[in-house]
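# Observations on the three-dimensional arrangement
Next come the chains, spelled out residue by residue.
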Amino acid sequence: MAYLLYSVTFLVLVTGTILYLTRSHWLHLLPTQLSPLYLRVPGGGGSFAGDIEAGLSSSTFDLGANVESGDGRAGLDDAAKAQILAIMKKRRMRFDEARRVYMEQRFSAHGIAADGRPKDPKFVSFS
């Protein structure tokens, strides 16, 4: 029985090593999107210029000024970019509508209505 266990373990290790070393030859044959959990953000991310190239800018959310001023920050949040791009792709929306849907989803998750008021029934406002 131990002989069989060691043989299978050795075979798995050898096969895994061979696959790893030859991955450049067969990796292109795999589908590009293996899981819906992983969404590659186009444009490389990491800068406002990359965000503009990915389509994450509009007249009401202009990142061009950040690029022109030489802003050295990392750009928009990667998780938010991925979710907004997924909304744009799935619902076929433009950036502004997808950003609005994303913010409404975040508001709802945190107990805030679409108009900005808390959903808490005990909330009292004196305005």
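In this report, the structure presented in the accompanying data block is examined. (Residues numbered from 1 in each chain as written. Predicted model: local features only at pLDDT ≥ 70, side-chain atom pairs only at ≥ 80, totals over all residues. Heavy atoms only, no water.)

### A word on the side chain of Ser 58
Here is the rule we go by: Counting from the N terminus, the helices are DSSP H or I runs at least four residues long and the strands are E runs at least two residues long. Each residue gets one of three labels from its accessible area relative to the maximum for its type: buried under 20%, exposed over 50%, partly exposed in between, using a 1.4 Å probe on protein chains only. Polar contacts, as counted here, are pairs of nitrogen or oxygen atoms within 3.5 Å of one another; within protein the pair requires one atom able to donate a hydrogen and one able to accept it, and residues that are adjacent in sequence qualify only if both atoms are side-chain atoms. The contact criterion used throughout is that any non-hydrogen atoms of two residues lie within 4.5 Å.
Within the element layout of this structure, Ser 58 appears in the loop between α3 (48-53) and α4 (64-68). A relative accessible area of 16% means that Ser 58 is categorised as buried. A polar contact is formed between the side chain of Ser 58 and the side chain of Thr 60, at a distance of 3.2 Å. A distance of 2.7 Å separates a polar atom in the side chain of Ser 58 from a polar atom in the side chain of Asp 96. In contact with Ser 58, other than residues within four places in its own chain, are Phe 95 and Asp 96.

### Observations regarding the layout of surface pockets
Basically, it comes down to this: The pocket and cavity definitions rest on a 1 Å grid over protein atoms only: a 1.4 Å probe that fits but cannot leave marks a cavity, an open set with protein on both sides within 12 Å along at least five of seven lines marks a pocket, and residues lining either have an atom within 4 Å of a point. Grid points are joined across faces, edges and corners, and a volume is the space filled by probe spheres set on the points. All residues other than Ala, Val, Leu, Ile, Met, Phe, Trp, Tyr, Cys, Pro, Asp, Glu, Lys and Arg, Gly among them, are scored as polar; the first ten of these are nonpolar and the last four charged.
Taken as a whole, the second largest pocket spans an internal volume of roughly 160 Å³. Residue lining of the second largest pocket: Phe 61, Leu 76, Asp 77, Ala 80, Lys 81, Ile 84, Phe 95, Arg 99, Tyr 102, Met 103 and Arg 106, and that is the complete set. Among the secondary structure elements, those contributing two or more residues to the lining of the second largest pocket are α5 (78-91) and α6 (95-109). It is α6 that provides the largest number of residues to the lining of the second largest pocket, a total of five residues. Here the residues of the lining of the second largest pocket are counted per class, giving seven nonpolar, no polar and four charged.

### Some details on the pattern of salt bridges
Opposite charge on two side chains permits them to pair, given that their charged atoms come into close proximity. Inclusion rule: Throughout this description, the term salt bridge denotes a Lys or Arg side-chain nitrogen within 4 Å of a carboxyl oxygen of Asp or Glu.
Under the defined criterion, the tally for this structure stands at four salt bridges. Ionic pairing is found between Lys 81 and Asp 78, a salt bridge with its closest N-O pair at 3.2 Å. One end of the pair, Lys 81, and the other, Asp 78, are both in helix α5, three residues apart, so they sit about a helical turn from each other.

### Notes on α5
Which entries qualify depends on this criterion: A helix is expected to span 1.5 Å multiplied by its residue count minus one.
Over its 14 residues, α5 extends 20 Å from the first C-alpha to the last, a length consistent with the 20 Å expected when each residue adds 1.5 Å. Within α5, the full set of buried residues consists of Ala 80, Lys 81, Ala 82, Ile 84, Leu 85, Ile 87 and Met 88. On its buried face, α5 is in contact with α3 and α6. Of the residues one or two after α5, Arg 92 is the one with positive phi, at around 55 degrees.

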